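Spelled out, the chains give:
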Amino acid sequence: MGSVIDVTIEEGSLTEKKPTVVFVLGGPGSGKGTQCANIVQHFGFTHLSAGDLLRAEIKSGSENGTMIQNMIKEGKIVPSEVTIKLLQKAIQESGNDKFLIDGFPRNEENRAAFEAVTKIEPEFVLFFDCSEEEMERRLLSRNQGREDDNIETIRKRFKVFLESSLPVIEYYNSKEKVRKIDAGKPVEEVFEAVKVIFTSNSEKATV
Ligand SMILES: Nc1ncnc2c1ncn2[C@@H]1O[C@H](COP(=O)(O)OP(=O)(O)OP(=O)(O)O)[C@@H](O)[C@H]1O
Ligand SMILES: Nc1ccn([C@@H]2O[C@H](COP(=O)(O)O)[C@@H](O)[C@H]2O)c(=O)n1
Ligand SMILES: [Mg+2]
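Bear in mind the structure is a predicted one, so any value in this text is a computation, not a measurement.

Visitor: Which parts of the structure should I look at to understand the UniProt feature "binding site: CMP" (unreviewed entry) in the protein?
Guide: With numbering aligned to this structure, UniProt lists the feature "binding site: CMP" (unreviewed entry) at Asn110. Considering the arrangement of structural elements, one finds Asn110 in helix α5 (residues 108-118). In contact with Asn110, not counting residues within four places along its chain, are Ile77, Val78, Ser80, Ile84, Phe104 and Pro105.

Visitor: What is the right way to look at unusual backbone geometry in this model?
Guide: Among all residues except glycine, the phi angle is most often negative; among peptide bonds, the trans geometry is most common. Geometrically, the link from Phe104 to Pro105 is a cis peptide bond, its omega value of 0° lying close to zero. Assignment of secondary structure puts Pro105 in the loop between β3 (98-102) and α5. Within the chain, Asn143 stands out as a residue other than glycine whose phi angle is a positive 55°. Among the structural elements, Asn143 can be located in the loop between α6 (132-140) and α7 (151-174). Owing to a relative accessible area of 72%, Asn143 belongs among the exposed residues under this scheme. For Glu176, which is not glycine, the phi dihedral falls at a positive 60°. Checked against the element boundaries, Glu176 lands in the loop between α7 and β5 (178-182).

Visitor: I would appreciate a short explanation of the pattern of salt bridges in the present structure.
Guide: Once their charged atoms are close, side chains differing in charge can pair, the charge on each being opposite to the other. In this structure the tally under the stated criterion is 19 salt bridges. When the shortest N-O distance is used, the salt bridge between Glu74 and Lys156 registers 2.8 Å. One end of the pair, Glu74, is in the loop between α3 (65-73) and α4 (80-94); the other, Lys156, is in helix α7, and 82 residues separate them in sequence. We classify Glu74 as partly exposed; its relative accessible area is 35%. Its salt-bridge partner being Glu93, residue Lys89 comes within 3.4 Å of it at the nearest N-O pair.

Visitor: What's the story with the site of ligand 1 in this structure? I'm lost.
Guide: Neighbouring residues of ligand 1: 16 residues in total, closest Lys32, Thr34, Arg142, Arg157 and Lys185. Between ligand 1 and Arg138 there is a distance of 3.4 Å, counted from a nitrogen atom to a side-chain nitrogen or oxygen. Contact with the protein chains removes 78% of the 630 Å² of surface that ligand 1 exposes when unbound. Broken down by secondary-structure element, the contributors of at least two residues to the shell around ligand 1 are α1 (32-43) and α6.

Visitor: Please explain the site of ligand 2 as it appears in this structure.
Guide: If you check the shell around ligand 2, you find 16 residues, and the closest are Arg55, Lys76, Val78, Arg106 and Arg146. Gly103 is positioned with one of its backbone polar atoms (N or O) 3.0 Å from a nitrogen atom of ligand 2. Contact between ligand 2 and Arg106: an oxygen atom at 3.0 Å from a side-chain N or O atom of the residue. Isolated, ligand 2 exposes 460 Å² of accessible area, and the fraction of that covered by the protein chains is 96%. Contributions of two or more residues to the shell around ligand 2 are made by α2 (50-59) and α3. Considering only residue class, the shell around ligand 2 consists of 7 nonpolar, 3 polar and 6 charged.

Visitor: Would you take a moment to explain the environment of Thr20 for this structure?
Guide: Note that Thr20 resides in strand β1 (residues 20-26). Residue class for Thr20 comes out partly exposed when judged on its relative accessible area of 23%. Along the chain, Thr20 and Lys98 lie 78 residues apart, while their C-alpha atoms are 4.7 Å from each other. Other than its neighbours up to four places away in sequence, Thr20 contacts Asp97, Lys98, Phe99 and Glu123.

Reading guide: rules and limits
Residues numbered from 1 in each chain as written. Chains lettered and ligands numbered in written order. Predicted model: local features only at pLDDT ≥ 70, side-chain atom pairs only at ≥ 80, totals over all residues. Heavy atoms only, no water. UniProt positions renumbered as here; feature names shortened; annotations may be inferred. Helix = DSSP H or I, 4+ residues; strand = E, 2+ residues; numbered from the N terminus. Contact = heavy atoms within 4.5 Å. Buried < 20%, exposed > 50% of the residue type's maximum accessible area, 1.4 Å probe, protein only. Salt bridge = Lys/Arg side-chain N within 4 Å of Asp/Glu carboxyl O. Near = heavy atom within 4 Å. Polar contact = N/O pair within 3.5 Å; in protein donor to acceptor, adjacent residues only side chain to side chain. Areas by Shrake-Rupley, 256 points an atom, 1.4 Å probe, with all protein chains shown as cover. Nonpolar A, V, L, I, M, F, W, Y, C, P; charged D, E, K, R; others polar.

Okay, structure coming up:
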């Protein structure tokens with residue numbers, strides 16, 4: 001007769017825990033990157049900007065580099081497959097389990113593909129609400145050498161935001177996931193409002 005082996009399976013050991021994800025959305029120049037840097041300092045998240053990952057991919061000399069560069073110059077949205085692969089790689093390499101995903105999902109295709117591939121639902125969606133007039137002023141004085149910070153591309157980016165990105169925010173709003181911030185105020189005031197959201201959310205999580 002064979003021996004009986006007592007195998008104890010610890011709870012959760014067979015299913016990997018999903019990371020915590022907050023999507024950070026808002027128009028071009030609304031202050032997503034600026035506020036994410038503050039959130040990282042205070043709340044221990046890793047900041048993943050989809051735009052930064054795409055720009056790094058261009059610099060790396062990847063086979064998709066020229067296609068990505070052309071799309072960014074035109075303010076168009078890069079196919080989800082490319083952006084999601086970059087996000088997944090960055091998540092895996094980070095060693096963290098809490099992420100601010102900035103500038104993604106940018107359209108319905110981004111949203112549905114991310115959900116299908118990763119099975120991750122955002123904890124909530126931070127939405128930086130800012131007037132076009134103020135965003136345009138900020139982008140034209142950003143001076144970071146971005147090829148899309150010129151008035152022609154900025155107008156195209158605003159159009160894409162209204163037509164493709166706002167519907168994603170509306171989708172999450174219908175699921176009560178959107179936390180809207182008045183992003184037209186000075187940086188410090190915007191961050192005070194951001195802190196309230198992250199603090200109350202972490203309190204909820206520990207109850
Ligand atoms: N609340 C604010 N008031 C004034 N200027 C700001 C504010 N927040 C950010 N800025 C400035 O506006 C510019 C755009 O900010 P930032 O890069 O954070 O925007 P973004 O939403 O990440 O834009 P993009 O979508 O183009 O990446 C930067 O030069 C930044 O210093
Ligand atoms: N999900 C995304 C995010 C960005 N892009 C492209 O990058 C440009 C710059 O993005 P920022 O967030 O840094 O402003 C954006 O205009 C798109 O061309 C994308 O395709 N998909
Ligand atoms: Mg940015």
